[in-house]
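One letter stands for each residue in the lines below.
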Amino acid sequence: MREEFSRTELLLGAEGMERLRTARVAVFGVGGVGGYVVEALCRSGIGALDLIDDDRVSLSNLNRQIIATRDTLGMYKTEAARQRIASINPDCAVGSIPAFFTPETADRFDFSAWDYVVDAIDTVTGKLELVLRAQAAGTPVISSMGAGNKLDPGQLRVSDIYETTICPLARVMRRELRKRGVKRLKVVWSPEPALTPRREDGTVPVENGRRIPGSTAFVPAAAGLLIAAEVVKDLVGSP
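By convention here, each chain's residues receive numbers from 1 onward along its written sequence. Side-chain atom pairs in this predicted model are given and counted only at pLDDT of 80 or more, local residue features only at pLDDT of at least 70, and totals for whole chains, interfaces and linings cover all residues. For the side-chain quantities, the full set of heavy atoms in the structure was used; hydrogens and water were omitted.

Q: Whenever I open this one, the overall build of the protein confuses me. Can you help?
A: By the criteria applied, helices consist of DSSP H or I runs no shorter than four residues and strands consist of E runs no shorter than two, each listed in order from the N terminus. A tally of helices and strands in the protein yields six helices and nine strands. The C-alpha atoms of the protein give 17 Å as radius of gyration, which agrees with the globular expectation for 239 residues (18 Å, within 12%). Taken along the three principal axes of its C-alpha coordinates, the protein extends 55 × 45 × 35 Å. Taken over 239 residues, the protein has a buried fraction of 49%. Throughout, a residue-residue contact means that at least one pair of heavy atoms, one from each residue, lies within 4.5 Å. Within the protein, residue pairs in contact and separated by at least 24 positions form 68% of the contacts whose partners lie at least 6 positions apart. Using a 1.4 Å probe, the Shrake-Rupley method yields the accessible areas, and only the shown protein chains count as cover for residues. Counting every atom, the protein has about 11800 Å² of accessible surface; 49% of that belongs to carbon and sulfur. By the counting scheme adopted, Arg and Lys are positive, Glu and Asp are negative, and His together with the chain ends is not counted. Where a charge sits is defined by one atom per residue type, namely NZ (Lys), CZ (Arg), CG (Asp) or CD (Glu). Taken as two groups, the 31 positive and 30 negative side-chain charges of the protein have centres that lie 5 Å from each other. Using C-alpha atoms as the atom set, the radius of gyration is obtained and then compared with a globule rule of 2.2 Å times the number of residues to the power 0.38. Each residue is assigned to one of three classes by its accessible area relative to the maximum for its type, calculated with a 1.4 Å probe on protein chains only: buried under 20%, partly exposed between the two thresholds, exposed over 50%.

The following block contains the structure:
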């Protein structure tokens, strides 16, 4: 029993820990949600992680992203996460891929190489393509729905996409997945109505024609930890 994972092994058993050690997981999006997925999987003993994100750490990430510190400002998020993993579990093999996943870039990725895929990206077109590619390869996938503009992590839940309500992103995903013949998709979502972010003067913040979402340190983190728990549970086989 490796001491660093000894407390986890007490619950998952030696066989469960071996399944995690030999698993390869892809995390698409290493931001507020995805960063906590990576953190928890790394600390759970996952043997290999591939991290896909083309963004860099900025000051506005400091309020909620676990990889964001003053020391990592300007770094690719995948590289910041890779260095953090190395300081926690140096035996974890990490693929750091600074890329933006879209239908146009999807051919760069071999979904059959992974034991599990985590969708923590923001664009609907990217999320749809990611789900379709993973399911076509027979690889389990879990998707994060909207975590922005919300304050109550206690309302987060895990279910099939077709059991979701209220969440605007989930509504769009349900409609588009149904068009594409997707029968099921495990998601983490919240029925909490989204707040409307406003500046002190009452105006709605906009950047490049899109509203800037508000965020907290706890809702994206809780969503990421829920996703990681589902990945571990599914890989181990629900001990």
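So much for the structure itself; the text now carries on.
Q: How should I be thinking about the pattern of salt bridges in this particular structure?
A: When their charged atoms lie close together, side chains carrying opposite charge are able to pair. For salt bridges, the criterion is a side-chain nitrogen of Lys or Arg within 4 Å of an Asp or Glu carboxyl oxygen. For the structure shown, the criterion picks out 18 salt bridges. A salt bridge links Asp 55 to Lys 77; the shortest N-O distance between them is 3.1 Å. Highlighted residues: Asp 55 in the loop between β2 (48-52) and α3 (77-88) and Lys 77 in helix α3, separated in sequence by 22 residues. Overall, the relative accessible area of 37% leaves Asp 55 in the partly exposed class. As a salt-bridge pair, Lys 186 and Asp 234 come within 2.9 Å of each other at their nearest N and O atoms. Highlighted residues: Lys 186 in strand β7 (residues 186-189) and Asp 234 in helix α6 (residues 219-236), separated in sequence by 48 residues. Asp 234 sits in the partly exposed class, given a relative accessible area of 34%. Each of Arg 175, Glu 176, Lys 179 and Arg 180 takes part in a single network of salt bridges with overlapping partners.

Q: It is not clear to me how the pairing of strand β5 (residues 141-144) should be interpreted in this structure. Could you clarify?
A: Consecutive side chains along a regular strand alternate between the two faces of the sheet. Burial of β5 is two-sided: the residues Val 141 and Ser 143 facing one way and the residues Ile 142 and Ser 144 facing the other way are all buried. Pairing between strand β4 (residues 116-119) and β5: three bridges, direction parallel. Looking at the pairing, Val 117 lines up with Val 141 of β5. Handedness is read with the strands pointing away from the viewer; a crossover is right-handed when the path from the first strand over the helix to the second is clockwise. Viewed along the sheet, the connection from β4 through helix α4 (residues 124-136) into β5 turns out right-handed. DSSP bridges decide pairing: two strands pair if at least two such bridges lie between them. Across three bridges, the pairing between β5 and β7 is parallel. Counted as the bridge partner of Ile 142 is Lys 186 from β7.

Q: Would you explain the nonpolar core in this entry?
A: Most often, soluble globular proteins keep nonpolar side chains buried together rather than apart. Val 25, Val 27, Leu 41, Leu 49 and Val 231 are the most contacted members of the largest nonpolar core, which totals 43 residues. For this core, the secondary structure elements donating two or more residues are α1 (6-21), β1 (24-28), α2 (34-44), β2, α3, β4 and α6. A per-element tally of this core places α6 first, with nine residues. Among all residues touching Val 27, those that are not within four sequence positions of it are Gly 34, Val 37, Val 38, Leu 41, Leu 49, Asp 50, Leu 51, Ile 52 and Val 118. Residues enter a nonpolar core if they are buried and are Ala, Val, Leu, Ile, Met, Phe, Trp, Tyr or Cys, with the set joined through side-chain atoms within 4.5 Å. Counting residues in each nonpolar core, the second largest holds 27 residues, with Phe 28, Cys 167, Ala 170 and Trp 189 among its members.

Q: Whenever I open this one, α1 confuses me. Can you help?
A: What sets the pattern is the α-helix's 3.6 residues per turn: residues three or four places apart point alike. The span one expects for a helix is its residue count, reduced by one, times 1.5 Å. For α1, built from 16 residues, the straight-helix expectation of 22 Å at 1.5 Å per residue is missed by more than 12%, its first-to-last C-alpha distance being only 13 Å. Taken as a whole, α1 carries its principal kink of about 105 degrees at Gly 13. All of the buried residues along α1 are Ser 6, Glu 9, Leu 12, Gly 16, Met 17 and Leu 20. The reported bend at a residue is simply the angle between two axes, fitted to the 7 residues ending at it and to the 7 residues beginning with it.

Q: What am I meant to see in unusual backbone geometry here?
A: With the exception of glycine, the majority of residues adopt a negative phi angle, and the majority of peptide bonds are in the trans configuration. One non-glycine residue, Asn 149, lies in the positive phi region at around 60 degrees. By the secondary structure assignment, Asn 149 is in the loop between β5 and β6 (157-160). Despite not being glycine, Ile 166 shows a phi value in the positive range, around 70 degrees. Relative to the helices and strands, Ile 166 resides in the loop between β6 and α5 (168-179). Assessed through its relative accessible area of 48%, Ile 166 is described here as partly exposed.

Honestly, that's just the spatial picture; any functional story needs more than this.
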